[in-house]
Amino acid sequence: MDERKPMDNRQLDDQRLDNQLAEFTDRLLQGAKDVSLSTQDAELRALQNTVKMLKTAVVDDQPSQEVAGRIGASLQREWQKQHPVRKNDDALASFKQFLRRPGRVAPRTFALGFAAMFVLALVIFYLSPALSSPPTGTAGGSSGLIPLAAIVVVVVVGLIWFWRSRR
Amino acid sequence: MMLHRRVQDDNDLVRSAQQGNADAFNKLYERYLPSVYRRVRSVIPESDVEDVTQEVFIAVMKSLKNFRFEALFGTWLRTLVNRQVADYYRGRKLSNDALVSIDAMDDEDHADMRLSVDDGTPSHDDLILMRQALRSLPDNYREIIVLRFVDGLQFDEIAHLQGNSLEATKSLFRRAIAALQKRVTASDG
């Protein structure tokens, strides 16, 4: 019975120290203003002092602006390497790329490119007198065919886009 | 509530970065640079801290597409930091304890380093000494200090993370601080 007592007291002391140091650490890290070292217990006071210094050495330690800037610049370069921006990413270039390597062009880009070219062709057709005026001697004109052709082209482009997006 | 909002914000930034948004990645970098830097600095010699910190974020950039939102981004990032630190030491073919001994200081060594005691204002030398002493601790002691001071985890969170009781965690913490104190005062004169 007597042999157990010193061990129990020691364990209790250790537990008390554990809790007091943990509580001190919590208050210090939360930014409490009234955090003072123990005046009763030299061992606890020494540990608390170490915790205070540790906070200054570790928690209050921030990378300098120069360091942050250097690392940030390196990361930017690395990001650009991993996410290259495609040059000439316009409708005509996409169409050319499609002819070379059909699988590489995004379907939407191809569809938009084709539609843009078709609209351009229509504008040229309407502006050109030789092409837009019906030939003499014909009963009607070819004007009714143009909207039909436009619809056909749009449908074809849409089907191509749909088919490619499914692949 | 604030934590939940922060977690949601992290997830939004990660998703955006995964889709190629450089600004989103930059925001993640700015948010986590201080904690990554502090964690690296607590385990790596001073001269290599910047390089290793950079390597951590490059690893984040490369691995971000594999992040599945099953854990907190901060937790995942901590794993990456530990991996980079392990790679660093593997590359140098040195163990943590062998590399950083309180007797084998690097170019931060100052001739008449003294630890201020109870004067309230640690000197620059004191802080360097403290960081070196921290690096020289055994892994389990250093880890609990880093989890509490650098990662900001509460003691109950650390207990949960390590699969220990709260009492055991607080006991480990006290022993870690005591070991740190011993190392620091051992170099004092």
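Residues numbered from 1 in each chain as written. Chains lettered and ligands numbered in written order. Predicted model: local features only at pLDDT ≥ 70, side-chain atom pairs only at ≥ 80, totals over all residues. Heavy atoms only, no water.

So, the overall build of chain B
So, point 1. When its secondary structure is counted, chain B shows 9 helices and 0 strands.
So, point 2. In sequence order, chain B lays out its α and β elements as α-α-α-α-α-α-α-α-α.
So, point 3. With 189 residues in all, chain B has 49% of them scored as buried.
So, point 4. In chain B, the proportion of contacts linking residues at least 24 apart, taken out of those at least 6 apart, comes to 62%. (Helix = DSSP H or I, 4+ residues; strand = E, 2+ residues; numbered from the N terminus. Buried < 20%, exposed > 50% of the residue type's maximum accessible area, 1.4 Å probe, protein only. Contact = heavy atoms within 4.5 Å.)

Describing the pattern of salt bridges
Residue and element names in this part refer to chain B.
So, point 1. Scanning the model with the defined rule gives 21 salt bridges over all chains in all.
So, point 2. One salt bridge in this structure joins R39 and D151, with 2.6 Å as the shortest N-O distance. One end of the pair, R39, is in helix α2 (residues 22–41); the other, D151, is in the loop between α7 (139–149) and α8 (155–162), with 112 residues separating them in the sequence.
So, point 3. Between R41 and E46 there is a salt bridge whose closest N-O contact spans 2.8 Å. (Salt bridge = Lys/Arg side-chain N within 4 Å of Asp/Glu carboxyl O.)

A short note on the packing of helix α3 (residues 65–82) of chain A against α2(B)
So, point 1. As a packed pair, α3(A) and α2(B) sit with axes 11 Å apart at the nearest point and diverge in direction by 140°. Classified by the interaxial angle, the pair formed by α3(A) and α2(B) is oblique. Crossing handedness for the pair α3(A) and α2(B): right-handed. Residues A:V67, A:A68, A:I71, A:G72, A:L75 and A:W79 of α3(A) lie in contact with α2(B), whose contacting residues are B:A22, B:F25, B:Y29, B:L33 and B:Y37.
So, point 2. Among the residues forming the contact of α3(A) with α2(B), the class breakdown is 10 nonpolar, 1 polar and no charged. (Axes fitted to C-alpha atoms, helices over the stretch in contact; angles between N-to-C directions. Parallel < 35°, antiparallel > 145°, perpendicular 65-115°, else oblique. Left-handed = near helix turned anticlockwise from the far one by under 90°. Nonpolar A, V, L, I, M, F, W, Y, C, P; charged D, E, K, R; others polar.)

A closer look at a nonpolar patch on the surface
Residue and element names in this part refer to chain A.
So, point 1. Residues I151, V155 and L159 make up a contiguous nonpolar surface patch of roughly 290 Å² in combined accessible area.
So, point 2. Inspection of the secondary structure assignment puts L159 in helix α7 (residues 145–166).
So, point 3. Judged by relative accessible area, L159 falls into the exposed class, the value being 53%. (Patch = residues over 30% accessible without salt bridge, like charges linked within 9 Å, V, L, I, M, F, W, Y side chains within 5 Å. Areas by Shrake-Rupley, 256 points an atom, 1.4 Å probe, with all protein chains shown as cover.)

Quick notes on the packing of aromatic side chains
Residue and element names in this part refer to chain B.
So, point 1. Evaluation of the coordinates by the stated rule reveals 10 aromatic pairs over all chains.
So, point 2. Centroid distance Y32 to F73: 5.2 Å. Interplanar angle 65°. Geometry classified as edge-to-face. Here Y32, found in helix α2, pairs with F73, found in helix α4 (residues 73–92); they are 41 residues apart in sequence, far enough to count as distant.
So, point 3. The exposure class assigned to Y32 is buried, which follows from its relative accessible area of 8%.
So, point 4. Taking 4.9 Å as the distance between ring centres and 65° as the angle between the ring planes, the aromatic pair formed by F67 and F69 counts as edge-to-face.
So, point 5. Given a relative accessible area of 26%, F69 falls into the partly exposed group. (Phe/Tyr/Trp six-rings, centres within 6.5 Å; stacked < 30°, edge-to-face > 60°.)

Topic: the interface of chain A and chain B
So, point 1. Tallying the contact residues gives 38 residues for chain A and 43 residues for chain B.
So, point 2. Where chain A abuts chain B, roughly 3,700 Å² becomes buried across the two surfaces, and 69% of that area is made up of carbon and sulfur atoms.
So, point 3. In this structure, the connection of chain A to chain B is made through 6 salt bridges.
So, point 4. Across the pair A:D26 and B:R148 runs a salt bridge whose closest N-O atoms are separated by 2.7 Å.
So, point 5. Across the chain A-chain B interface, the total number found is 10 residue pairs in polar contact (both at pLDDT 80 or more).
So, point 6. Contributing elements (two or more residues each) for the side of chain A that touches chain B: α1 (4–29), α2 (42–59) and α3 of chain A.
So, point 7. The biggest single contributor to the side of chain A that touches chain B is α2(A), with 13 residues.
So, point 8. Taken together, the residues that form the side of chain A that touches chain B break down as 19 nonpolar, 11 polar and 8 charged. (Buried area = accessible area lost by both parts, 1.4 Å probe. Polar contact = N/O pair within 3.5 Å; in protein donor to acceptor, adjacent residues only side chain to side chain.)

Section: α2(A)
Residues and elements named next belong to chain A.
So, point 1. Helix length check: α2, at 18 residues, gives a terminal C-alpha distance of 25 Å against a target of 26 Å (1.5 Å per residue), a fit within 8%.
So, point 2. The complete set of buried residues in α2 reads L44, L47, Q48, N49, T50, V51, M53, L54, K55, A57, V58 and V59.
So, point 3. For α2, the N-terminal cap is D41; the gap from its side-chain oxygen to the backbone nitrogen of E43 is 2.9 Å. (Expected span 1.5 Å × (residues − 1).)

A word on empty space enclosed by the protein
So, point 1. Using the criterion set out here, one finds 1 cavity of 30 Å³ or more in the structure.
So, point 2. Volume-wise, the largest cavity comes out at about 40 Å³.
So, point 3. As for the largest cavity, its lining consists of A:A57, A:V58, A:D61, B:R38, B:R41, B:S42, B:R131 and B:L134.
So, point 4. Those elements that place two or more of their residues in the lining of the largest cavity are α2 of chain A together with α2 and α6 (124–136) of chain B. (1 Å grid on protein atoms, 1.4 Å probe; cavity = no way out; pocket = protein on both sides within 12 Å on 5 of 7 lines; lining within 4 Å. Points joined across faces, edges and corners; volume = space filled by probe spheres on them.)

Some words on the packing of α7(B) against helix α9 (residues 166–186) of chain B
All names here are of chain B.
So, point 1. Direction vectors running N to C along α7 and α9 enclose 105°, while the axes themselves pass 9 Å from each other. Viewed along their axes, α7 and α9 adopt a mutual orientation that is roughly perpendicular. Along its contact with α7, which presents N140, Y141, I144, I145, R148 and F149, the element α9 presents T169, L172, F173, R175, A176, I177, A179 and L180.
So, point 2. Class assignment for the residues of the contact of α7 with α9 results in 10 nonpolar, 2 polar and 2 charged.

With respect to α6(B)
All names here are of chain B.
So, point 1. Counted at 1.5 Å a residue, the expected span for α6 with its 13 residues is 18 Å, and the 19 Å between its end C-alpha atoms agrees.
So, point 2. Taken across its 13 residues, α6 has 12 buried, putting it largely inside the fold.
So, point 3. All buried positions along α6 are accounted for by D125, D126, L127, I128, L129, M130, R131, Q132, A133, L134, R135 and S136.

With respect to unusual backbone geometry
So, point 1. Its identity is not glycine, yet B:F69 carries a phi of approximately 65°, on the positive side.
So, point 2. Note on placement: B:F69 falls in the loop between α3 (49–63) and α4.

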